Amino acid sequence: MGFWKNYAIGLRGKKLKGRLDGKESGEWEGLNQSDLEPSSLFKAQLKARSTK
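It should be emphasised that the depicted structure is a prediction, and the values quoted were computed from it without experimental measurement. Counting restarts for each chain, with residues numbered from 1 along the sequence as it is written. Note on the predicted model: pLDDT of at least 70 is required for a residue's local features to be given, and 80 or more for side-chain atom pairs to be given and counted; whole-chain, interface and lining totals, by contrast, use all residues. Only hydrogens and water are removed before side-chain values are computed, so all heavy atoms of the structure are retained for them.

1. So, the environment of N32
Here's step 1: Numbering goes from the N terminus for both helices and strands, where a helix is a DSSP run of H or I of at least four residues and a strand is a run of E of at least two. Note on placement: N32 falls in the loop between β2 (27-29) and α1 (41-50).
Here's step 2: Throughout this description, buried means an accessible area under 20% of the type-specific maximum (1.4 Å probe, protein chains only), exposed means over 50%, and partly exposed covers the range between. Look at N32 and you get partly exposed, because its relative accessible area is 44%.
Here's step 3: By definition in these notes, contact holds between two residues if any of their heavy atoms fall within 4.5 Å. Setting aside its immediate chain neighbours within four residues, N32 contacts L11, R12 and G13.
Here's step 4: Side-chain atoms alone can form a polar contact between residues adjacent in sequence; in general such a contact is a pair of N or O atoms within 3.5 Å, and within protein one must be able to donate a hydrogen while the other accepts it. Separated by 2.8 Å, the side chain of N32 and the backbone nitrogen of G13 make a polar contact.

If you want it as structure tokens, here you go:
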């Protein structure tokens, strides 16, 4: 129905079922991983902006 999606990137913790049964849980990437690149999405966005 909608075009919105939640993202969890580099989250530390447990992925639980949630309270909205039947709904998508969004995009999960790098759950409990410490070696993700870039280590900071904010810094990566700043760098991308400064190279334009």
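2. Some points on the environment of Y7
Here's step 1: By the secondary structure assignment, Y7 is in strand β1 (residues 7-9).
Here's step 2: Note on Y7: relative accessible area 58%, which makes it exposed.
Here's step 3: Remark: the alpha-carbon pair of Y7 and A44, spanning 37 residues in sequence, is separated by 17 Å.

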